[in-house]
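Observations on the model geometry
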Amino acid sequence: RPKFLGGTVSLNAAFFATVLLISRIKSNATSYAFVSSVVTLFAFYPTSRHEIARHFPNRLGFSPCFAITAALSVSAWLLLVSLEERCMF
């Protein structure tokens, strides 16, 4: 399967949405954590996922990529829930 080199438009859209969301956050530490998670999810994860899928193929219905995606999704959801409790939009 060909290597995905990233989509400039989708990456810029993700960072634009991040900046809009961060403008509502009052804490610098929370803003930094949010930006760090967005950079990890949208900038670094697609290439990492491709390398993991290439080195560890799907065996017996278990994919390491699925487990990593689930873990990152749950951690992002927990971060957003804690932000919602702290910041009233």
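Up top is the structure.
Note that the coordinates shown come from a computational prediction; the quantities given were computed from them, not determined experimentally.

**A closer look at the layout of surface pockets**
When its volume is computed, the second largest pocket comes out at roughly 160 Å³. For the lining of the second largest pocket, the secondary-structure elements that each account for two or more residues are α1 (8-22), α2 (28-55) and α3 (64-86). Residues belonging to the lining of the second largest pocket are distributed by class as follows: 10 nonpolar, 2 polar and no charged.

**Focus on a nonpolar patch on the surface**
On the surface, a nonpolar cluster with roughly 330 Å² of combined accessible area is contributed by V74, W77 and L78. By secondary structure assignment, the location of L78 is in helix α3.

**With respect to the environment of Y45**
By the secondary structure assignment, Y45 is in helix α2. Distance in space between the C-alpha atoms of Y45 and I68 is 9.6 Å, their sequence separation being 23 residues. Ignoring sequence-local partners within four residues, the contact set of Y45 consists of T40, C65, I68, T69 and L72.

Conventions and cut-offs
Counting starts from 1 at the beginning of each chain's written sequence and moves along it residue by residue. Totals for whole chains, interfaces and linings use every residue, but because this is a predicted model, local features are given only for residues with pLDDT of at least 70 and side-chain atom pairs only at 80 or more, for both listing and counting. Hydrogens and waters are ignored; side-chain quantities use all the structure's heavy atoms. Here a cavity denotes a set of grid points, spaced 1 Å apart and computed over the protein atoms alone, in which a 1.4 Å probe fits but from which it cannot get out, and a pocket denotes an open set meeting protein on both sides within 12 Å along at least five of seven lines; residues with an atom within 4 Å of a point are reported as lining. Grid points are joined across faces, edges and corners, and a volume is the space filled by probe spheres set on the points. Strands here mean DSSP runs of E at least two residues long; helices mean DSSP runs of H or I at least four residues long; both are numbered from the N terminus. Charged means Asp, Glu, Lys or Arg here, nonpolar means Ala, Val, Leu, Ile, Met, Phe, Trp, Tyr, Cys or Pro, and polar covers whatever is left, Gly included. A patch consists of residues exposed above 30% relative accessible area that lack any salt bridge, with like charges linked at up to 9 Å and nonpolar side chains (Val, Leu, Ile, Met, Phe, Trp, Tyr) linked at up to 5 Å. Working definition of accessibility: Shrake-Rupley area with a 1.4 Å probe, residue cover restricted to the visible protein chains. We count a salt bridge whenever a side-chain nitrogen from Lys or Arg sits within 4 Å of a carboxyl oxygen from Asp or Glu. It only takes one pair of heavy atoms within 4.5 Å for two residues to be counted as in contact.

Read these as spatial facts, not as claims about activity.
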